[in-house]
Amino acid sequence: MKRDAPEIFIDSHVHIFPQDRLGGLMRWILRLVPEHPVPESVTAQTILHEMRREGITHFFNLVYPLKEEETVPLNTFNGRFCSTVPGAIPFASMHQDTAEKAKVAEEAFTSYPFVGFKFHPFVQGFDPWDKRMDSLYAFLQEAQKPVILHTGFDDYYGKSMPVEALEGLLKRYPRLPVVFAHMGFPELEAAFSLLEDYPDLYLDATLVLPYLRPGCEDFFASLPEGHRFIDVLMDGLETHAGRVMYGSDHPVGMGGLSDIYKDLKGFPVSEDVKRAMRADTPKAFVSRFVPGFDWSVTPDQLEQGGMTREG
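None of these values were measured; they are calculated from a predicted model.

The rules behind the values
Residues numbered from 1 in each chain as written. Predicted model: local features only at pLDDT ≥ 70, side-chain atom pairs only at ≥ 80, totals over all residues. Heavy atoms only, no water. pLDDT = per-residue confidence, 0-100. Contact = heavy atoms within 4.5 Å. Axes fitted to C-alpha atoms, helices over the stretch in contact; angles between N-to-C directions. Helix = DSSP H or I, 4+ residues; strand = E, 2+ residues; numbered from the N terminus. Parallel < 35°, antiparallel > 145°, perpendicular 65-115°, else oblique. Left-handed = near helix turned anticlockwise from the far one by under 90°. Nonpolar A, V, L, I, M, F, W, Y, C, P; charged D, E, K, R; others polar. Buried < 20%, exposed > 50% of the residue type's maximum accessible area, 1.4 Å probe, protein only. Core = buried A, V, L, I, M, F, W, Y, C linked by side-chain atoms within 4.5 Å. Pairing = 2+ DSSP bridges. Phe/Tyr/Trp six-rings, centres within 6.5 Å; stacked < 30°, edge-to-face > 60°. Lys NZ or Arg CZ within 6 Å of the ring centre and 35° of its normal. Lys, Arg positive; Asp, Glu negative; His and termini not counted. Salt bridge = Lys/Arg side-chain N within 4 Å of Asp/Glu carboxyl O.

**Looking at the confidence of the model for the chain**
Okay, step 1: With 96% of its residues at a pLDDT of 70 or more, the chain has an overall mean of 93.
Okay, step 2: Every residue in residues 307-311 scores below 50 in pLDDT, and together they form six contacts with partners more than four places removed in sequence or on other chains.

See the structure below:
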C-alpha cells in the first residue's frame, strides 16, 4: 500500500558550518547564554538527527565568512555538504573585502545550486548598505537571486541597523529579492509596513516568537509600544503570511529545537498562517529562484544523507 507523502516542513534558518567553525559558534553562544542546551561538541549529524525527530523535511543552511580568505572555502563546504543531504537548501556568502564580488558570485552559482546569498552584517562587521557590496547586489538583482540579511537585535550586538536605513537599500535595488531575517526585531511594525511598498521583500520570523513565552513580561515593558507588540505581530502575520518564513536558528536559537517549534505550534494565529510560515511560503520562495526544486524528501532521508556524508 502506497504511503502518503509526509507534509513538507521547512526550517528557514539553520547554521551548519565546518566543525571548527561550528565549535566556535557554540563557544560564543555558551559564553553569552551558559544554560543554552546545545553543547559545544554538537556535530552536523546531531543537528540533522534533531531535525528529523521534529519532522523537518528541508532546511536553509546559512553560513557566512569572518575572514576574506574564508569566502570560497566556506561556499565550497556548504555546496558540497548540501549536495549530500536530501532536503538541505544551500545559500552562499561572501566577506565584504572579497575582490571581484560579481565574478565570485557567478562562479558560486555555476559550481553549486545555491539559492542566493546570506549575510550577518553585525558579526561580519559591515553595514548592509556598504558601498563595497554594490557590485554584488547589482549582480544578484540582475540574476534575480535573493539576499538574506540578518536584521534586528541591535541592543544585543551593541550596534545599529534601523529598518529605516535598510529601506534605503531597497530603494537603491528595487528588484533585488531581500529577506529581513528576524524582521528587524523589535521594529516589527516598520518591517511589516515595507512589505506594502516592496514586493520583492520577505521577512523571516526566526527568534521573534520566543519573546511571547511566559516570563518575557520585562521585555514588553521595555518597548515603547508595550504589549501592542503582540498585536502588531499577530496582525502582520495574518495579513502577510505569504511573505513570512519561520526558522529555528539552530543550533544557536532560543532553546532546543523542540522548544522553538512549540513556539510556532502554540502561537495564536490560524493554522493556515502557521502552515504558510513553515511550508508554503519558503517552498514558494525557493521554487521562485530554483524552478523544479525537488520537494519529495522525507525526514528520514534528511538524516541518512548526513550519515552518508560522514561515513
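**Things to note about the packing of helix α9 (residues 188-197) against helix α11 (residues 228-240)**
Helix packing for two helices is described by the angle between their axes and how far apart those axes are.
Okay, step 1: One way to put it is that α9 packs onto α11 with a least axis distance of 9 Å and a crossing angle of 20 degrees. Of the possible angle classes, the one that applies to α9 and α11 is roughly parallel. In this structure, α9 crosses over α11, and the sense of that crossing is left-handed. Side by side, α9 and α11 meet where Leu-188, Glu-189, Phe-192, Leu-195 and Glu-196 of the first sit next to Arg-228, Phe-229, Val-232, Leu-233, Gly-236, Leu-237 and His-240 of the second.
Okay, step 2: Its residues assigned to classes, the contact of α9 with α11 shows seven nonpolar, two polar and three charged.

**Quick word on unusual backbone geometry**
Okay, step 1: Here Phe-185 and Pro-186 are connected by a cis peptide whose omega angle stands at 5 degrees.
Okay, step 2: Mapped onto the elements of the fold, Pro-186 is located in the loop between β6 (178-181) and α9.
Okay, step 3: Here the residue pair His-250 and Pro-251 is connected by a cis peptide bond, since its omega of 10 degrees sits within 30 degrees of zero.
Okay, step 4: Mapped onto the elements, Pro-251 comes out in the loop between β8 (244-245) and α12 (257-265).
Okay, step 5: Positioned with a positive phi, Glu-100 is a non-glycine residue whose angle comes to about 50 degrees.
Okay, step 6: Structurally, Glu-100 is set in the loop between β3 (88-90) and α4 (101-111).
Okay, step 7: Glu-100 sits in the exposed class, given a relative accessible area of 57%.
Okay, step 8: Here the phi dihedral of Gln-144 falls at roughly 55 degrees; this positive angle occurs in a residue that is not glycine.
Okay, step 9: Along the polypeptide, Gln-144 turns up in the loop between α6 (134-143) and β5 (147-150).

**Looking at the nonpolar core**
Okay, step 1: Membership of the largest hydrophobic core comes to 89 residues, with the highest contact counts inside it found for Ile-16, Met-51, Phe-59, Phe-192 and Leu-233.
Okay, step 2: In terms of residue count, the dominant contributor to this core is α9 (five residues).
Okay, step 3: When near neighbours in sequence (up to four residues on either side) are disregarded, Phe-192 contacts Met-183, Leu-203, Val-232, Leu-233, Gly-236, Leu-237, His-240 and Val-244.
Okay, step 4: Counting residues in hydrophobic clusters, the runner-up holds 18 residues, among them Ile-8, Phe-60, Ala-279 and Val-290.

**So, the sheet that holds strand β1 (residues 10-14)**
Okay, step 1: With parallel pairing, three strands are arranged side by side in an open sheet as β1-β2-β3. Pairing within the sheet leaves two strands with one partner each, and these edge strands are β1 and β3. Neighbouring strand axes in the sheet, compared pairwise and without regard to direction, differ in orientation by 25 degrees on average.
Okay, step 2: Bridge analysis of β1 against strand β2 (residues 58-61) gives three bridges, and the strand direction is parallel. Counted as the bridge partner of Asp-11 is Phe-59 from β2.
Okay, step 3: Contacts between helix α13 (residues 271-289) and the sheet are confined to β1, β2 and β3, with β1 contributing the most and set at about 70 degrees to the helix.

**A few points about the packing of α4 against α6**
Okay, step 1: Packing of α4 against α6 leaves a shortest axis separation of 8 Å and a crossing angle of 40 degrees. The angle between α4 and α6 falls in the class oblique. Along this stretch, α4 crosses α6, giving a crossing that reads as right-handed. Here α4 contributes Lys-101, Ala-102, Ala-105, Glu-106 and Phe-109 to the contact with α6, which in turn contributes Ser-135, Leu-136, Phe-139 and Leu-140.
Okay, step 2: Its residues assigned to classes, the contact of α4 with α6 shows six nonpolar, one polar and two charged.

**Describing the packing of aromatic side chains**
Okay, step 1: Following the criterion strictly, the structure yields 25 aromatic pairs and no others.
Okay, step 2: Both rings, one in Trp-28 and one in Tyr-157, keep their centres 6.5 Å apart while their planes meet at 15 degrees; by these two values the pair is stacked. Highlighted residues: Trp-28 in helix α1 (residues 19-32) and Tyr-157 in helix α7 (residues 154-157), separated in sequence by 129 residues.
Okay, step 3: You can call Trp-28 partly exposed: its relative accessible area is 27%.
Okay, step 4: Note on Tyr-157: relative accessible area 22%, which makes it partly exposed.
Okay, step 5: Taken together through their ring pairs, the aromatic side chains of Phe-60, Phe-91, Tyr-202, Phe-285 and Phe-289 make up a single cluster.
Okay, step 6: It is Lys-145 that lies over the ring of Phe-109; its NZ or CZ is 5.3 Å from the centre.

**Some words on the side chain of Asp-249**
Okay, step 1: With respect to the secondary-structure elements, Asp-249 resides in the loop between β8 and α12.
Okay, step 2: As a buried residue without a salt bridge, Asp-249 has its nearest oppositely charged side chain in Lys-118, at a separation of 6.5 Å.
Okay, step 3: When residues no more than four places from it in sequence are discounted, the contact partners of Asp-249 are His-13, His-15, His-182, Thr-206 and Leu-207.

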